[in-house]
Amino acid sequence: MAQREIAHKTNEITAFAPLLEDLHLAGVLITADAMHTQRAHARFLVEEKNADYLLVVKDHQPTLFSQLNALPWAEVPLAHVECDRGHGRTERRTIQILPAPDTITFPHAAQAFLIERYVTDLHDNPTSAVAVLGLTSRPAQHANPEQIATALREHWGIDNGLHYMRDVTFAEDASHVRTGSGPRIMASLRNLAIAVLRPAGYTNIAQGLRWASYSFDHPLTLLGIT
(Lines give C-alpha, C1' and ligand atoms only; values in the text may rest on other atoms or scores of the structure.)
Protein backbone atom coordinates (compact mmCIF):
# COMPACT_ATOMS: atom_id res chain seq x y z
CA MET A 1 0.00 0.00 0.00
CA ALA A 2 2.91 2.32 0.65
CA GLN A 3 6.66 2.38 0.93
CA ARG A 4 9.27 4.95 1.80
CA GLU A 5 12.96 5.21 1.10
CA ILE A 6 15.20 5.27 4.17
CA ALA A 7 18.06 7.76 4.02
CA HIS A 8 21.57 6.47 4.73
CA LYS A 9 22.04 8.48 7.91
CA THR A 10 18.74 7.61 9.55
CA ASN A 11 16.62 4.50 10.19
CA GLU A 12 13.08 3.18 9.83
CA ILE A 13 11.87 4.80 13.05
CA THR A 14 11.77 8.29 11.55
CA ALA A 15 9.84 7.00 8.52
CA PHE A 16 7.06 5.31 10.51
CA ALA A 17 4.58 8.19 10.81
CA PRO A 18 5.29 9.72 7.36
CA LEU A 19 4.74 6.32 5.74
CA LEU A 20 1.33 5.84 7.38
CA GLU A 21 0.19 9.46 7.42
CA ASP A 22 -1.81 9.35 4.18
CA LEU A 23 -3.41 5.94 4.77
CA HIS A 24 -6.92 5.50 6.17
CA LEU A 25 -6.29 3.38 9.27
CA ALA A 26 -9.36 3.88 11.45
CA GLY A 27 -10.12 0.60 13.19
CA VAL A 28 -7.02 -1.11 11.79
CA LEU A 29 -4.64 -3.18 13.94
CA ILE A 30 -1.05 -2.24 13.05
CA THR A 31 1.80 -4.68 13.68
CA ALA A 32 5.43 -3.62 13.40
CA ASP A 33 8.95 -4.81 14.18
CA ALA A 34 10.31 -4.35 17.69
CA MET A 35 12.26 -1.19 16.75
CA HIS A 36 8.90 0.53 16.29
CA THR A 37 7.84 -0.08 19.87
CA GLN A 38 8.07 3.65 20.47
CA ARG A 39 5.79 5.81 22.59
CA ALA A 40 5.49 8.39 19.83
CA HIS A 41 4.38 5.69 17.39
CA ALA A 42 1.76 4.42 19.83
CA ARG A 43 0.33 7.91 20.34
CA PHE A 44 0.36 8.59 16.60
CA LEU A 45 -1.61 5.43 15.81
CA VAL A 46 -4.21 5.72 18.55
CA GLU A 47 -4.63 9.49 18.87
CA GLU A 48 -4.11 10.65 15.28
CA LYS A 49 -5.04 7.64 13.13
CA ASN A 50 -7.75 6.11 15.35
CA ALA A 51 -5.98 2.75 14.90
CA ASP A 52 -4.61 0.13 17.30
CA TYR A 53 -1.13 -1.29 17.69
CA LEU A 54 0.28 -4.76 18.39
CA LEU A 55 3.95 -4.44 19.31
CA VAL A 56 6.61 -6.75 20.73
CA VAL A 57 8.94 -5.51 23.45
CA LYS A 58 12.61 -6.45 23.52
CA ASP A 59 15.57 -5.37 25.61
CA HIS A 60 16.12 -2.23 23.51
CA GLN A 61 13.37 -0.90 25.81
CA PRO A 62 14.88 -2.13 29.11
CA THR A 63 12.46 -0.43 31.49
CA LEU A 64 9.36 -1.50 29.59
CA PHE A 65 10.76 -5.00 29.08
CA SER A 66 11.42 -5.32 32.82
CA GLN A 67 7.90 -4.16 33.64
CA LEU A 68 6.39 -6.78 31.36
CA ASN A 69 8.78 -9.51 32.44
CA ALA A 70 7.89 -8.87 36.09
CA LEU A 71 4.19 -9.61 35.58
CA PRO A 72 2.99 -12.84 37.26
CA TRP A 73 3.10 -15.00 34.13
CA ALA A 74 3.58 -18.19 36.15
CA GLU A 75 0.08 -17.70 37.56
CA VAL A 76 -1.57 -16.94 34.21
CA PRO A 77 -3.16 -19.92 32.42
CA LEU A 78 -2.54 -20.59 28.76
CA ALA A 79 -5.19 -18.78 26.76
CA HIS A 80 -4.52 -20.34 23.35
CA VAL A 81 -2.27 -23.06 21.92
CA GLU A 82 -1.34 -23.69 18.27
CA CYS A 83 0.62 -26.60 16.83
CA ASP A 84 2.09 -26.88 13.33
CA ARG A 85 4.15 -29.48 11.53
CA GLY A 86 6.10 -29.02 8.33
CA HIS A 87 9.55 -28.61 6.76
CA GLY A 88 10.92 -31.34 9.00
CA ARG A 89 9.94 -29.76 12.29
CA THR A 90 7.07 -29.24 14.70
CA GLU A 91 6.20 -25.95 16.32
CA ARG A 92 4.05 -25.33 19.38
CA ARG A 93 3.01 -21.76 20.22
CA THR A 94 1.29 -20.69 23.41
CA ILE A 95 -0.06 -17.32 24.50
CA GLN A 96 -0.82 -15.92 27.93
CA ILE A 97 -2.52 -12.57 28.26
CA LEU A 98 -3.30 -10.04 30.98
CA PRO A 99 -4.99 -6.64 31.16
CA ALA A 100 -2.13 -4.13 31.06
CA PRO A 101 -1.68 -2.83 34.64
CA ASP A 102 -1.12 0.83 35.48
CA THR A 103 2.54 0.05 36.13
CA ILE A 104 3.10 -0.36 32.37
CA THR A 105 4.47 2.99 31.22
CA PHE A 106 3.43 2.82 27.58
CA PRO A 107 0.67 4.91 25.98
CA HIS A 108 -2.75 3.35 25.50
CA ALA A 109 -1.63 -0.18 26.50
CA ALA A 110 -4.75 -2.32 27.04
CA GLN A 111 -3.37 -5.86 27.13
CA ALA A 112 0.01 -7.46 27.77
CA PHE A 113 0.91 -10.85 26.34
CA LEU A 114 3.57 -13.53 26.51
CA ILE A 115 3.99 -15.84 23.52
CA GLU A 116 6.28 -18.85 23.75
CA ARG A 117 7.40 -20.86 20.72
CA TYR A 118 8.81 -24.37 20.98
CA VAL A 119 10.36 -25.75 17.79
CA THR A 120 11.49 -29.38 17.52
CA ASP A 121 13.59 -30.68 14.63
CA LEU A 122 12.17 -34.05 13.60
CA HIS A 123 15.54 -35.28 12.28
CA ASP A 124 17.84 -34.86 15.28
CA ASN A 125 15.18 -33.80 17.84
CA PRO A 126 16.73 -30.69 19.44
CA THR A 127 14.10 -28.29 20.75
CA SER A 128 14.51 -24.52 20.83
CA ALA A 129 12.34 -22.18 22.85
CA VAL A 130 11.70 -18.46 22.30
CA ALA A 131 9.65 -16.15 24.51
CA VAL A 132 8.15 -12.91 23.19
CA LEU A 133 6.59 -10.18 25.33
CA GLY A 134 4.32 -7.53 23.89
CA LEU A 135 1.51 -5.02 24.19
CA THR A 136 -1.61 -4.09 22.28
CA SER A 137 -3.89 -1.10 22.57
CA ARG A 138 -6.86 -3.20 21.51
CA PRO A 139 -8.96 -4.26 24.53
CA ALA A 140 -10.03 -7.82 25.24
CA GLN A 141 -13.56 -7.35 23.88
CA HIS A 142 -12.06 -6.55 20.47
CA ALA A 143 -8.98 -8.80 20.47
CA ASN A 144 -9.05 -12.24 22.06
CA PRO A 145 -5.89 -14.36 22.59
CA GLU A 146 -6.33 -16.30 19.35
CA GLN A 147 -6.65 -13.10 17.32
CA ILE A 148 -3.54 -11.61 18.92
CA ALA A 149 -1.54 -14.79 18.30
CA THR A 150 -2.72 -14.94 14.69
CA ALA A 151 -1.88 -11.29 14.00
CA LEU A 152 1.64 -11.69 15.35
CA ARG A 153 2.20 -14.95 13.47
CA GLU A 154 1.04 -13.34 10.23
CA HIS A 155 3.39 -10.40 10.84
CA TRP A 156 6.33 -12.77 11.26
CA GLY A 157 5.25 -14.67 8.16
CA ILE A 158 5.13 -11.53 6.03
CA ASP A 159 8.42 -10.23 7.39
CA ASN A 160 10.35 -13.49 7.01
CA GLY A 161 8.64 -14.61 3.80
CA LEU A 162 8.98 -11.31 1.96
CA HIS A 163 12.64 -10.85 2.90
CA TYR A 164 13.45 -14.42 1.89
CA MET A 165 11.57 -14.05 -1.38
CA ARG A 166 13.29 -10.83 -2.35
CA ASP A 167 16.73 -12.06 -1.31
CA VAL A 168 16.50 -15.54 -2.85
CA THR A 169 13.88 -15.54 -5.61
CA PHE A 170 14.75 -12.05 -6.89
CA ALA A 171 18.45 -12.14 -5.85
CA GLU A 172 18.07 -8.65 -4.43
CA ASP A 173 21.29 -8.75 -2.39
CA ALA A 174 23.26 -9.59 -5.54
CA SER A 175 21.76 -6.74 -7.55
CA HIS A 176 24.21 -4.20 -9.00
CA VAL A 177 21.53 -1.48 -8.97
CA ARG A 178 22.75 0.40 -5.91
CA THR A 179 22.82 4.12 -6.65
CA GLY A 180 20.30 6.95 -6.84
CA SER A 181 16.64 5.97 -6.97
CA GLY A 182 17.44 2.65 -8.64
CA PRO A 183 17.20 0.42 -5.53
CA ARG A 184 13.86 1.96 -4.52
CA ILE A 185 12.43 1.56 -8.03
CA MET A 186 13.56 -2.07 -8.25
CA ALA A 187 12.14 -2.80 -4.78
CA SER A 188 8.81 -1.33 -5.93
CA LEU A 189 8.79 -3.53 -9.03
CA ARG A 190 9.63 -6.66 -7.01
CA ASN A 191 6.86 -5.89 -4.53
CA LEU A 192 4.46 -5.27 -7.42
CA ALA A 193 5.31 -8.65 -8.95
CA ILE A 194 4.66 -10.42 -5.64
CA ALA A 195 1.45 -8.49 -5.01
CA VAL A 196 0.12 -9.38 -8.48
CA LEU A 197 1.13 -13.04 -8.54
CA ARG A 198 -0.25 -13.99 -5.12
CA PRO A 199 -3.90 -13.07 -5.82
CA ALA A 200 -3.53 -14.96 -9.10
CA GLY A 201 -2.97 -18.14 -7.07
CA TYR A 202 0.81 -18.39 -7.09
CA THR A 203 1.94 -19.26 -3.58
CA ASN A 204 5.30 -20.17 -5.13
CA ILE A 205 6.49 -16.85 -6.55
CA ALA A 206 9.40 -18.44 -8.44
CA GLN A 207 6.90 -20.61 -10.30
CA GLY A 208 4.77 -17.54 -11.03
CA LEU A 209 7.75 -15.65 -12.40
CA ARG A 210 8.56 -18.53 -14.73
CA TRP A 211 4.95 -18.57 -15.95
CA ALA A 212 5.03 -14.80 -16.53
CA SER A 213 8.23 -15.13 -18.57
CA TYR A 214 6.75 -17.67 -20.99
CA SER A 215 4.73 -15.04 -22.85
CA PHE A 216 4.74 -11.26 -23.03
CA ASP A 217 0.95 -11.40 -22.69
CA HIS A 218 1.01 -13.12 -19.28
CA PRO A 219 2.18 -10.19 -17.09
CA LEU A 220 0.06 -7.75 -19.09
CA THR A 221 -3.03 -9.91 -18.48
CA LEU A 222 -2.33 -10.01 -14.73
CA LEU A 223 -1.98 -6.23 -14.68
CA GLY A 224 -5.22 -5.79 -16.64
CA ILE A 225 -3.43 -4.28 -19.62
CA THR A 226 -4.92 -5.57 -22.87
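Cut-offs applied
- Residues numbered from 1 in each chain as written.
- Predicted model: local features only at pLDDT ≥ 70, side-chain atom pairs only at ≥ 80, totals over all residues.
- Heavy atoms only, no water.
- Phe/Tyr/Trp six-rings, centres within 6.5 Å; stacked < 30°, edge-to-face > 60°.
- Helix = DSSP H or I, 4+ residues; strand = E, 2+ residues; numbered from the N terminus.
- Buried < 20%, exposed > 50% of the residue type's maximum accessible area, 1.4 Å probe, protein only.
- Lys NZ or Arg CZ within 6 Å of the ring centre and 35° of its normal.
- Patch = residues over 30% accessible without salt bridge, like charges linked within 9 Å, V, L, I, M, F, W, Y side chains within 5 Å.
- Areas by Shrake-Rupley, 256 points an atom, 1.4 Å probe, with all protein chains shown as cover.
- Salt bridge = Lys/Arg side-chain N within 4 Å of Asp/Glu carboxyl O.
- Lys, Arg positive; Asp, Glu negative; His and termini not counted.
- Charge placed at Lys NZ, Arg CZ, Asp CG, Glu CD.
- Pairing = 2+ DSSP bridges.
- Axes fitted to C-alpha atoms, helices over the stretch in contact; angles between N-to-C directions.
- Contact = heavy atoms within 4.5 Å.
- Arc of directions from axis to C-beta.
- Right-handed = clockwise from strand over helix to strand, strands pointing away.
- Core = buried A, V, L, I, M, F, W, Y, C linked by side-chain atoms within 4.5 Å.

**Structural notes on the packing of aromatic side chains**
In this description, a pair of aromatic rings is defined by centroid distance and the angle of the planes.
Phase 1 of the analysis: Summed over all chains, the structure comprises three aromatic pairs.
Phase 2 of the analysis: Where F16 meets F44, the ring centres are 6.5 Å apart and the plane angle is 75°; that geometry is what we call edge-to-face. In this pair, F16 is assigned in helix 1 (residues 16-20) and F44 in helix 2 (residues 39-48), connecting sequence segments 28 residues apart.
Phase 3 of the analysis: The interplanar angle of 85° and the centroid separation of 5.6 Å between the aromatic rings of Y53 and F106 together place this pair among those described as edge-to-face. In this pair, Y53 is assigned in strand 2 (residues 52-57) and F106 in the loop between strand 4 (89-99) and strand 5 (111-121), connecting sequence segments 53 residues apart.
Phase 4 of the analysis: Relative accessible area serves as the criterion here: at 0%, Y53 is assigned to the buried category.
Phase 5 of the analysis: With relative accessibility at 6%, the residue F106 sits in the buried group.
Phase 6 of the analysis: The ring of W156 carries the charged tip of R117 above its face, separated from the ring centre by 4.5 Å.

**As for a negative patch on the surface**
Phase 1 of the analysis: On the surface, E21, D22, E47 and E48 cluster together into a patch of negative charge.
Phase 2 of the analysis: For E21, a relative accessible area of 38% gives the class partly exposed.

**Observations concerning the sheet that holds strand 1 (residues 29-32)**
Phase 1 of the analysis: Ordered by their spatial adjacency, six strands build an open sheet running 1-2-6-5-4-3, and the pairing between neighbours is mixed. Two strands in the sheet have a free side with no partner beyond their single neighbour: strand 1 and strand 3 (80-86). Geometrically, the sheet is characterised by an average inter-axis angle of 20° between neighbouring strands, direction not taken into account.
Phase 2 of the analysis: Across four bridges, strand 1 lies against strand 2 in parallel orientation. The residue bridging A32 from the neighbouring strand is L55, located in strand 2.
Phase 3 of the analysis: Its contacts with the sheet put helix 3 (residues 62-69) on strand 2, strand 5 and strand 6 (127-136), and the angle it makes with strand 6 is roughly 105°.

**Side note on the pattern of salt bridges**
Phase 1 of the analysis: The full count for this structure, using the stated rule, is eight salt bridges.
Phase 2 of the analysis: The closest approach of N and O atoms between D52 and R138, which form a salt bridge, is 3.2 Å. Here D52, found in strand 2, pairs with R138, found in the loop between strand 6 and helix 4 (145-169); they are 86 residues apart in sequence, far enough to count as distant. Of the two residues, D52 and R138, both sit in the buried class.
Phase 3 of the analysis: For R190, the salt bridge goes to E172, with nearest N and O atoms at 2.9 Å. Within this pair, whereas R190 is found in helix 5 (residues 182-197), its partner E172 is found in the loop between helix 4 and helix 5, the two being separated by 18 residues in sequence. Grouping residues by exposure puts R190 and E172 together as buried.
Phase 4 of the analysis: Put simply, E82, D84, E91, R93, R117 and R153 are held in one network by salt bridges that share partners.

**Regarding helix 3**
Phase 1 of the analysis: Looking at helix 3, one finds that the buried residues are L64, Q67 and L68. An end-on view of helix 3 places all buried positions within 95° of arc, on one side of the element.
Phase 2 of the analysis: Tucked inside the fold, the buried residues of helix 3 contact helix 2, strand 2, strand 5 and strand 6.

**Quick notes on the pairing of strand 2**
Consecutive side chains along a regular strand alternate between the two faces of the sheet.
Phase 1 of the analysis: Counted residue by residue, strand 2 has six buried out of six residues, so it is predominantly covered.
Phase 2 of the analysis: Of the two faces of strand 2, the one carrying D52, L54 and V56 and the one carrying Y53, L55 and V57 are both buried.
Phase 3 of the analysis: Read from strand 1 through helix 2 to strand 2, the crossover connection turns out right-handed.
Phase 4 of the analysis: Relative to strand 6, strand 2 runs antiparallel, the two being bridged by four bridges.

**Observations concerning the nonpolar core**
Phase 1 of the analysis: Membership of the largest hydrophobic core comes to 25 residues, with the highest contact counts inside it found for L20, L45, Y53, L68, W73, F106 and L135.
Phase 2 of the analysis: Only helix 1, strand 1, helix 2, strand 2, helix 3, strand 5 and strand 6 provide two or more residues apiece to this core.
Phase 3 of the analysis: Leave out the neighbours within four places in its chain, and L20 touches L25, F44, L45 and K49.
Phase 4 of the analysis: Of all hydrophobic cores here, the second largest spans 14 residues; its members include A34, I97, A149 and A151.

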